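Coordinate inspection notes
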Amino acid sequence: MSHVAVGVDIGGTMIKAAIVNEEGQILESRSAETPGTLKEFQSAIEAMITELTAIHPDVCGVGIGSKGIIDPSTTRVDVLPGTLHYLEGQNLAGLVRPSLPQQVPVAADNDARVTLVGEMTWGVARGCHDVIMLTLGTGVGGGIVVDGRIVRGSTGVAGHIGHYTINPDGPPCICGNRGCLETYFSARAIESEAFAAVHRGVATSLLCLERQPPSCADVFAAALGGDEIATGIIDRATAILSAAIAGLVLTLDPEFVIIGGQISAAGERFFEAIRKDVAVRTRLLLRRDVRVVPAALQNPSGVTGAAALVLFPAQYD
Ligand code: BMX
Ligand code: ZN
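So, a few notes on the structure that sits alongside this text. Everything numeric in this text was worked out from a predicted model, so none of it was measured. Sequence positions are assigned chain by chain, starting from 1 and proceeding in written order. By the order in which they are written, chains take letters starting at A while ligands take numbers starting at 1. Restriction of local features to residues with pLDDT of at least 70 applies here, the model being predicted, together with a cutoff of 80 or more for giving and counting side-chain atom pairs; totals for whole chains, interfaces and linings are based on all residues. Remark: hydrogens and water are excluded; side-chain values derive from all non-hydrogen atoms of the structure.

A short note on the pairing of strand β12 (residues 291-294)
Inspection of the sheet shows strand β11 (residues 256-260) paired to β12 by four bridges, in the parallel sense. The partner of I259 across the bridge, within β12, is P294. The handedness of the β11 to β12 crossover, carried by helix α7 (residues 268-286), is right-handed. Paired strands, as defined in this entry, are two strands with at least two bridges between them according to DSSP. Only runs of H or I of at least four residues qualify as helices and only runs of E of at least two qualify as strands under DSSP, and these elements are numbered from the N terminus. Handedness of a crossover is defined as follows: with both strands directed away from the viewer, a clockwise route from the first strand across the helix to the second makes it right-handed.

Below you can see the structure in the form of structure tokens.
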């Protein structure tokens, strides 16, 4: 009989939990807006896991992907600036264990890294040796595979592509740096640009939206509808993203690049713009056009990868 596990994805906007089987299928799922306090977080995660394990009490464990720097050996959140700062110093295993029906293993790692684990287990990265993954969401997450193994670095921080310095004098970032990639391309960065345009009263369809300030999805939709301001915001952000990807490609020479996260649903026009710019920037040295592909496991891809941490522990320790 196929084992099942609980996969949990702790993101900047939503927290999600699901029962996932060994085929990577989601059997049950729950989600909630990311709470603002530890107490609210604890009750939200407890409610989700209690509901899911009431339906599937035979779970073999819980895997957790979270923003920030997570110590997989203890599940401690070592660093987590921004809206989830209250989790810093917490052991994620300790937060979920009270809701579990029996003593089962609890594993945790950075959310982008576990999303890549999902792609290595059931998605486009199966059997790959050298791959870069970016998760384009509230922030920009990263995961890197070199010689078939996930790169963690000397203290587990490796892969934080979102904090690659794009412009030394750029906007301040939650990580304490300035001009990080995610201050130019991420849902928050795109929404900040849209808010600024609306705030200045610029002629754009974004002004007429009922929901203010516009969401990242609203900006992409307005660009698709031909709105010049929205198109400019998306094109400028995408040009910076693809330049950063070109730098990563020449640094790591991956077989291909995977793009996941909520923004990857922006469609073929978005991917084509990235592929073209990355090719122009890297073709001479690389002598090939590196493939840039969407993640196979669509949202909530983070929960399936998280579940893989406990469904197939031997592969990712
Ligand atoms: C941030 C960083 C990463 C996280 C990524 C995606 C921090 C420093 N978060 O770059 O750890 O993987 O965002 O976050 O706290 P998400 O909100 O898009 O899931
Ligand atoms: Zn940063």
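The rest of the description comes next.
Some words on the coordination of the zinc ion (ligand 2)
Protein coordination at the zinc ion (ligand 2): the donors are H163 (ND1), C173 (SG), C175 (SG) and C180 (SG), at 2.0 to 2.3 Å from the metal. Donor atoms are limited to N, O and S found within 2.8 Å of the metal ion, a distance that becomes 3.2 Å for Na, K and Ca. With water left out, some sites might look partial. Every angle between 85 and 135 degrees makes a four-donor site tetrahedral, while opposite donors more than 155 degrees apart, with all other angles between 65 and 115, make a four-donor site square planar and a six-donor site octahedral; other sites are irregular. In this structure, the zinc ion (ligand 2) is coordinated by four donor atoms arranged in tetrahedral fashion, with angles at the metal of 104 to 120°. Along the chain, the residues donating to the zinc ion (ligand 2) are arranged with the sequence spacing H-x9-C-x1-C-x4-C.

Some details on the nonpolar core
Ranked by internal contacts, the top residues of the largest apolar core, which has 37 residues, are L134, L136, F185, I190, L241, I245 and F270. For this core, the elements supplying multiple residues, two or more each, are β8 (131-136), β9 (140-146), α4 (187-199), α5 (216-224), α6 (228-252), β11 and α7. Per element, the largest residue contribution to this core is nine residues, and it comes from α6. Aside from chain neighbours lying at most four places away, what touches L136 is F185, L241, I259, G260, G261, Q262, I263 and F270. Among buried residues, those of type Ala, Val, Leu, Ile, Met, Phe, Trp, Tyr and Cys that are joined through side-chain atoms within 4.5 Å constitute a nonpolar core. Only protein chains enter the accessibility calculation, which uses a 1.4 Å probe. A residue is then buried if its area is under 20% of the maximum for its type, exposed if over 50%, and partly exposed in between. Counting 30 residues, the second-largest nonpolar core is a separate cluster that includes I45, I64, V104 and V106. The contact definition used throughout considers only heavy atoms, calling two residues in contact when any of these lie within 4.5 Å.

Focus on a nonpolar patch on the surface
Within this analysis, patches are made of residues with over 30% relative accessible area and no salt bridge. Like charges are joined at 9 Å or less; nonpolar side chains (Val, Leu, Ile, Met, Phe, Trp, Tyr) at 5 Å or less. Shrake-Rupley sampling with a 1.4 Å probe provides the accessible areas, and residues are treated as covered by the protein chains on show and by no other component. Salt bridge, as used here, is a side-chain nitrogen of Lys or Arg placed within 4 Å of a carboxyl oxygen of Asp or Glu. There is a patch of nonpolar side chains on the surface, built from L250, L284 and L285 and spanning about 340 Å² of accessible area. Among the structural elements, L284 can be located in helix α7. Accessibility expressed as a relative area gives 75% for L284, which makes it exposed.

A short note on the site of ligand 1
Around ligand 1 lies a shell of 16 residues, among which K67, G68, D111, H160 and E182 are the nearest. Between N or O atoms, a polar contact is any pair within 3.5 Å; within protein, one atom must be a potential hydrogen donor and the other a potential acceptor, and residues adjacent in sequence are included only when both atoms are from side chains. Between ligand 1 and G139 there is a distance of 2.9 Å, counted from an oxygen atom to a backbone nitrogen or oxygen. Between an oxygen atom of ligand 1 and a main-chain N or O atom of V140, the distance comes to 3.0 Å. The fraction of the free accessible surface of ligand 1 (450 Å²) that becomes covered by protein chains is 94%. Note that Gly is not counted as nonpolar here; it falls among the polar residues with everything else outside the nonpolar set of Ala, Val, Leu, Ile, Met, Phe, Trp, Tyr, Cys and Pro and the charged set of Asp, Glu, Lys and Arg. Partitioning the shell around ligand 1 into residue classes produces three nonpolar, 10 polar and three charged. Only heavy atoms are used to decide nearness, and a residue is near a molecule or strand if one of them lies within 4 Å of it.

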